[in-house]
Amino acid sequence: MKMNGARIMLECLKKEGVDTVFGYPGGTVINLYDALFDFKDIQHILPRHEQAGTHAADGYARATGRVGVAIATSGPGATNTVTGIATAYMDSIPMVIITGQVPTALIGNDAFQEVDIIGITRPCTKHSFLIRDVKDIAITMKKAFYLARSGRPGPVLVDFPKDIQIAQGEFHYPETVEIRGYKPNLSGHPRQVEKAVTMILESRRPVIYVGGGAVLGGAAEPLTQLARKLSIPVTTTLMGLGSFPESDGLSLGMLGMHGAYCANMAMTGSDLIIAIGARFDDRVTGKLSTFAPHAKIIHIDVDPTSIKKNVRVDLPIVGDVKDVLMKMIKQTDKSKDKLAGYISALAPWHSDIDGWKEKHPIAYKQSSTIIKPQFVIQKLRELSDDDAIISTDVGQHQMWTAQFFQFNKPRTLLTSGGLGTMGYGLPAAMGAQAAFPNRQVITICGDGGVQMNIQEMATLVQNKLPVKIVILNNNFLGMVRQWQELFFDKRYSSTCMELPIDYRKLADAYGAKGFLATKPGEVESVIKQGFKENGPVIMEFKIAREEKVLPMVPAGASLNEMVLNA
Amino acid sequence: MQHTISVIVENDFGVLSRVATLFSGRGFNIDSLSVAPTNEEGLSRMTIVTRGDEQVLEQINKQLNKLIDVLKVLDFSDGSAVERELALIKVAAEDDSRTEVLRIVDIFRAKIIDVTPKSYTVEATGNPMKIDAILELLRPLGLKEVVRTGSVAIGRGAKGWNG
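None of these values were measured; they are calculated from a predicted model.

Rules used in this analysis
- Residues numbered from 1 in each chain as written.
- Chains lettered and ligands numbered in written order.
- Predicted model: local features only at pLDDT ≥ 70, side-chain atom pairs only at ≥ 80, totals over all residues.
- Heavy atoms only, no water.
- Helix = DSSP H or I, 4+ residues; strand = E, 2+ residues; numbered from the N terminus.
- Buried < 20%, exposed > 50% of the residue type's maximum accessible area, 1.4 Å probe, protein only.
- Contact = heavy atoms within 4.5 Å.
- Polar contact = N/O pair within 3.5 Å; in protein donor to acceptor, adjacent residues only side chain to side chain.
- Buried area = accessible area lost by both parts, 1.4 Å probe.
- Salt bridge = Lys/Arg side-chain N within 4 Å of Asp/Glu carboxyl O.

J.: I would appreciate a short explanation of the overall build of chain B in the present structure.
T.: Scanning chain B for helices and strands turns up four helices and nine strands. Moving toward the C terminus, one meets the helices and strands of chain B in the order β-α-β-β-α-β-β-α-β-β-α-β-β. Dimensions of chain B, computed from C-alpha atoms along their principal axes, come out at roughly 55 × 30 × 30 Å. Residue burial in chain B is summarised as follows: out of 163 residues, 40% are buried.

See below:
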């Protein structure tokens, strides 16, 4: 059956199992939107800004593990997606972004709303395609989805000119796809796995250091099994939170710049670091020359470029983290007789760690008059559902959430780790809520970031997406202010958000409910009222204005040189 | 240290800019770059001369391999390849210097491919060091214009890049 290119595109999405897309119409996608008008198999959500639409597709992908899909028109529509694409790229989130493009005959002519979006996004996409023939739509989409979700996932952009949307063609979706330059190595080498287990059994101060790759690779289960089997403490990066239950005694919490004292001390004192789907980011390692000075490093990652990029590695294992961990469990079972001896040999290490945990736990000073942000986070954990999905923006509230919420399940924290994108939290929560209408979705924001995509309140209300928006309001761009306090003599240059905003009125204007807490005694009742509402809600908490995120490893310092009280 | 890398790529739209973006985005150097189709349909071959220590070279290798359009990366740093470059050199040639240019051209087994009363255009082929050497000798006579292709390299022995 003949159909136009626009319709073929939608049939491709359907074949890929796409049930929801986030998109914004415009001149060069008007044909695509016309086809969408009576295409009932796909739910379309209209954000109020293409950046938010892209973040929503990202949030959808992080919460579900499926490929998120965003649509934008050419020119400014396409450029508005760039921050969303870069955010997804830095955190390896599977996404397909379809951008309209001017008709092929006009490409390069500086036509109205023309921009070379493939060129602009080249450094922040896993790959990109320009469709130049209606015959190529199906194979291109097959490749795009395959690339987005396989290996180290990432965003793939498909530029879709208007004349190709109009052209008539046949629809045949290929069953399989072959890309000769792309063969991700998924299966961990058995010899390397064997060596890894031998190294582990010889270690006396081992630490498992887990990154976002464990979440993306669906490796939470085997990771937890392996750690418990060998009794090895586990620390995670911001992106790795949820891959190992923080309620477990082996958990050290998050490491790095605002990581737990015990986690950073353990890394510094360790004799063997088992890195799983992590990339030794500068926020994690601190000063590289003094990072983990006594440790051998085993590095497991599906992306060979992550290995030996920042630190030396003694044993690299390239492969899907889940596959490698399952092989390691099997290999460990072969050495069952050595296990009891090994675990008892770790006793001094565990007692060191317990000492660090006790000496400087993640803590804050409670107040009876002023709301402490950490207290709000703790109350949110206490009063929210076990499987609640949390998204954050970037800054102090993000770190407090990471430190105090306690994540026990993978894909329950959506946060921009690599790019550090303000304005991410609200639209990401929107995407997650669209995927899981019946789960509790909470976005925790500061008063800075929330205003970067506040317009999405309209999308939430219109689509009945009951996201609970928590604003920790200190009238500051808090993290920058904290740096200014500590390193710039309290010269608060442009970090004070001087205009107070009435968020209850704002919520009201959008047809949502707003609540405000100004005293510690009101925190619980505001959260309870907010959670009780069936629709989207803003819960604003006026918090201690100059509260700091601690501990803190100053930029460029060693991991064990933490500022604990300042 | 200088390294010569051959990259087999899909002869696709935009592949050159993907490679170039990778080098500039990650702060890797390109000393020379040449690219042209191969004997196999749909494939092109790039020869890139770059600089860096072992760790940088390993990253360059891995990052190139990560590009979807890249089929194979061959690292010829170990001298396992024959390397050649072609240069077109326009040199002033008047009176006495006309014979001197001819002598140098002869010694380097180069060719004169264009002649005017005031100049010769020389075609020289060889490994990049040989090209550097002929340029050094011609420089005092008055170089007017130099065009170099950059290195191309092919592995020694009977086997092709894919066996």
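Now that the structure has been shown, the text picks up again.
J.: Got a minute to help me understand the environment of A92 of chain B in this structure?
T.: Looking at the secondary structure, you find A92 of chain B in strand β5 (residues 81-92). Not counting residues up to four positions away in its chain, the partners in contact with A92 of chain B are S97, V101, K118, S119, L141, G142 and K144 of chain B.

J.: Sorry, what's going on with the side chain of S97 of chain B here?
T.: Residue and element names in this part refer to chain B. With respect to the element layout, S97 can be found in helix α3 (residues 96-107). Among the polar contacts made by the side chain of S97, one reaches the main-chain carbonyl oxygen of E94 at a distance of 3.0 Å. Once you skip the residues sitting within four places of it in the chain, S97 turns out to touch A92 and L141.

J.: Which parts of the structure should I look at to understand the interface of chain A and chain B?
T.: One frequently used descriptor of interface size is the decrease in accessible area upon assembly of the parts. The interface of chain A with chain B comprises 19 residues on the first partner and 21 residues on the second. Roughly 1700 Å² of surface becomes buried between chain A and chain B when both sides are summed, with 50% attributable to carbon and sulfur atoms. Among the residues of chain A in contact with chain B, R122, R180 and T305 of chain A are the three that bury the most area, contributing 36% of the side total. Summed over the shared surface of chain A and chain B, the result is three salt bridges. D303 of chain A serves as the salt-bridge partner of K66 of chain B, at 2.7 Å between the closest nitrogen and oxygen. A per-element tally of the side of chain A that touches chain B places strand β6 (residues 127-130) of chain A first, with three residues.

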